[in-house]
Amino acid sequence: MRALVVREFGGPLILEDVPVPRPKSDEVLLRVKACAVDQFDLTIRDGKFAMANKVPIILGHEIAGVVEAVGADVRSVSVGDRVTSTLYLTCGKCRYCLTGRETICTDFKGYVGIHTPGAYAEYTTIPEANLVRLPETISFADASVIANAIGTPYHALTRRARLQPGERIIVTGAGGGVGVHALQLARMMGAFVMAVDIGDEKLALARDLGADLVSDSSAGDFSAAARAWTNGEGADVVLELVGTKTFDASLKSLARGGRMVIVGSHTGTTLTTSPQAMIANEWEILGSRNVTKRELVEVVNLVAAGRIKPIVTGVYGLEEAEAVHQRLRKQEIIGRVVLEP
Ligand SMILES: [Zn+2]
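The structure presented is a predicted model; accordingly, all values stated were derived computationally and were not measured.

(A) Focus on the pairing of strand S10 (residues 168–172). The element S10 is largely enclosed, with a buried count of 5 among its 5 residues. The pairing of S10 with strand S11 (residues 192–197) spans 5 bridges and is parallel. Bridging across to S11, Thr 172 finds its partner in Val 196. Crossover S10 to S11 through helix H5 (residues 179–188) is right-handed. As defined by bridge partners, S10 adjoins strand S13 (residues 235–240) across 3 bridges and the pair is classed as parallel. Counterpart to Ile 169 in the pairing with S13 is Val 237.

Rendered as structure tokens:
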């Protein structure tokens with residue numbers, strides 16, 4: 001099969017002919033129909049992710065495809081089923097796995113697309129436990145963005161931020177792959193949304209998707225605009241998809257009693273705040289990690305019903321992946337782009 005292989009960290013994606021992987025007894029062989037491209041792919045190939053310490057790696061964890069063959073112990077899916085997959089390889093036995101919080105599994109086994117061969121290839125193998133079936137009405141390209149780019153903000157807004165109707169939320173990085181879906185979800189949940197990003201094109205899309213206010217963070221601190229928008233009160237929730245770079249302005253934008261949910265951290269490794277400010281304001285600063293399988297089923301249902309629209313702005317072949325990565329590196333990608341191997 002054709003696959004893009006990372007043979008050295010910091011090196012190129014090499015298009016090779018490699019053997020089709022064989023599924024273990026608890027895995028399926030999947031014919032990959034679409035694989036969305038994620039900023040995380042860059043972190044992995046650059047050798048900047050500690051758990052990815054061994055090459056070769058076939059990237060690709062935002063997957064949609066058709067079950068081609070099943071291992072001997074697989075029961076819940078059959079050959080021909082259309083499926084997508086969660087990203088994490090979890091133990092299925094720890095207290096968090098057993099109580100529906102498997103993204104914080106204590107016996108974490110790794111990642112699809114690092115510790116199993118990913119979907120920058122014509123075929124891949126995935127554990128049965130990770131799979132969620134897709135209805136015919138969702139295209140493979142749209143389906144490939146559901147688990148990560150829609151599922152991640154879904155978990156963050158519903159379970160972590162506990163966003164309520166009528167609340168005001170700021171989404172930083174709102175024009176990126178996660179952001180464009182976060183602001184749709186926030187609108188669907190009845191909140192008012194301020195979208196923060198860089199560049200007219202991303203902010204125009206945010207406005208088209210229903211943002212009540214947009215702000216270009218390259219112009220500096222957006223907290224004054226946030227305060228003006230909320231009659232001086234600040235936002236009830238900030239969804240922080242950028243990290244260190246926007247954290248100070250996000251915190252200055254947060255209302256008393258506000259919740260900040262941190263999902264993205266690609267711009268730095270430290271966040272600084274004062275304990276006195278946290279006490280005085282009763283701020284909640286929360287981490288949010290990916291999406292559970294149960295939530296992924298909910299998100300698939302929302303997409304199938306047309307309540308959330310996957311934003312796919314380009315579809316490319318494997319030979320174009322390197323160019324796509326270069327554009328992603330320069331922050332030029334709006335929404336999500338997808339490879340069709
Ligand atoms: Zn576990």
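(B) Representation of the layout of surface pockets in the model. Here the largest pocket defines a volume of roughly 1,500 Å³. Lining of the largest pocket is provided by 50 residues; of these, Gln 39, Leu 241, Gly 264, Ser 265 and His 266 occupy positions nearest its centre. Those elements giving two or more residues to the lining of the largest pocket turn out to be helix H1 (39–45), helix H4 (146–160), S11, helix H8 (244–252) and helix H11 (321–329). In terms of residues, the lining of the largest pocket owes the most to one element, H1, which gives 4 residues. Split by residue class, the lining of the largest pocket holds 18 nonpolar, 21 polar and 11 charged. Shared between two domains, the lining of the largest pocket takes at least three residues from each, and those domains are domain 1 (2–145 + 310–339) and domain 2 (150–287). A volume near 370 Å³ is recorded for the second largest pocket. Residue lining of the second largest pocket: 22 residues in total, with Tyr 88, Leu 89, Thr 90, Pro 127 and Asn 130 positioned closest to the centre.

(C) Layout of the coordination of the zinc ion. Protein coordination at the zinc ion: the donors are Cys 91 (SG), Cys 94 (SG), Cys 97 (SG) and Cys 105 (SG), at 2.3 to 2.4 Å from the metal. One way to put it: the 4 donor atoms around the zinc ion meet at angles of 103 to 115 degrees, and that makes the site tetrahedral. Counting gaps between the donor residues of the zinc ion yields the pattern C-x2-C-x2-C-x7-C. You can see Cys 91 sitting in the loop between strand S6 (88–89) and helix H2 (95–98) and its partner Cys 105 sitting in the loop between H2 and strand S7 (110–111), a full 14 residues away along the chain. With respect to class, Cys 91 is no different from Cys 105; both count as buried.

(D) Representation of helix H10 (residues 293–304) in the model. The terminal C-alpha atoms of H10, which comprises 12 residues, lie 17 Å apart, in line with the 16 Å expected from a rise of 1.5 Å per residue. All of the buried residues along H10 are Glu 295, Leu 296, Val 299, Val 300, Leu 302 and Val 303. One side of H10 carries all its buried residues, which in axial view fall inside an arc of 160 degrees. Along its buried surface, H10 packs onto strand S5 (82–85), strand S9 (131–133), H4 and H5. One or two steps after H10, the chain reaches Gly 306, where phi turns positive at roughly 80 degrees.

(E) Broad picture of the packing of aromatic side chains. Inspection of every chain in the model, using the stated rule, returns 6 aromatic pairs. Plain terms: the ring middles of Tyr 88 and Tyr 111 are 5.3 Å apart, the flat faces sit at 90 degrees to each other, and that makes the pair edge-to-face. Of this pair, Tyr 88 sits in strand S6 while Tyr 111 sits in strand S7, placing them 23 residues apart in sequence. For the pair Tyr 88 and Tyr 111, a shared accessibility class is recorded, and that class is buried. Centroid distance Phe 108 to Tyr 111: 5.1 Å. Interplanar angle 80 degrees. Geometry classified as edge-to-face. Through a chain of ring-to-ring contacts, the aromatic side chains of Phe 40, Phe 49, Tyr 88, Phe 108 and Tyr 111 assemble into a single cluster. Taking the ring centre of Tyr 123 as reference, the NZ or CZ of Arg 31 above it sits at 5.4 Å. Positioned above the aromatic ring of Phe 108, the side-chain terminus of Arg 289 is 4.8 Å from the ring centre.

(F) Representation of the nonpolar core. If you look at the biggest cluster of nonpolar residues, it comprises 53 residues, and the most contacted ones within it are Ile 146, Ile 150, Leu 157, Leu 163, Ile 169, Val 171 and Leu 239. With 7 residues, H4 is the largest single contributor of residues to this core. Both domains that meet at this core, namely domain 1 (2–145 + 310–339) and domain 2 (150–287), each give it at least three residues. Other than its neighbours up to four places away in sequence, Ile 146 contacts Ile 138, Gly 151, Leu 296, Val 299, Val 300 and Val 303. Grouped together as the second largest cluster of nonpolar side chains are 46 residues, Val 83, Phe 108, Tyr 120 and Leu 339 included.

(G) Geometry of the sheet that holds strand S14 (residues 254–262). If you walk across this open sheet you meet the 6 strands as S12-S11-S10-S13-S14-S15, and the pairing is parallel. Of all strands in the sheet, those with a lone pairing partner are strand S12 (213–216) and strand S15 (284–287), marking the two edges. Ignoring which end each strand starts from, the neighbouring axes of this sheet average 15 degrees apart. In terms of strand pairing, S13 meets S14 through 5 bridges, oriented parallel. Bridging across to S14, Glu 240 finds its partner in Ile 262. Here H5 sits on the sheet and contacts S10, S11 and S13; the angle it forms with S11, its principal contact strand, is near 170 degrees.

What counts and how
- Residues numbered from 1 in each chain as written.
- Predicted model: local features only at pLDDT ≥ 70, side-chain atom pairs only at ≥ 80, totals over all residues.
- Heavy atoms only, no water.
- Buried < 20%, exposed > 50% of the residue type's maximum accessible area, 1.4 Å probe, protein only.
- Helix = DSSP H or I, 4+ residues; strand = E, 2+ residues; numbered from the N terminus.
- Pairing = 2+ DSSP bridges.
- Right-handed = clockwise from strand over helix to strand, strands pointing away.
- 1 Å grid on protein atoms, 1.4 Å probe; cavity = no way out; pocket = protein on both sides within 12 Å on 5 of 7 lines; lining within 4 Å.
- Points joined across faces, edges and corners; volume = space filled by probe spheres on them.
- Nonpolar A, V, L, I, M, F, W, Y, C, P; charged D, E, K, R; others polar.
- Domains from an automatic or database assignment.
- Donors = N, O, S within 2.8 Å, 3.2 Å for Na, K, Ca; no water.
- Tetrahedral: all angles 85-135°; square planar, octahedral: opposite > 155°, others 65-115°.
- Expected span 1.5 Å × (residues − 1).
- Arc of directions from axis to C-beta.
- Contact = heavy atoms within 4.5 Å.
- Phe/Tyr/Trp six-rings, centres within 6.5 Å; stacked < 30°, edge-to-face > 60°.
- Lys NZ or Arg CZ within 6 Å of the ring centre and 35° of its normal.
- Core = buried A, V, L, I, M, F, W, Y, C linked by side-chain atoms within 4.5 Å.
- Axes fitted to C-alpha atoms, helices over the stretch in contact; angles between N-to-C directions.

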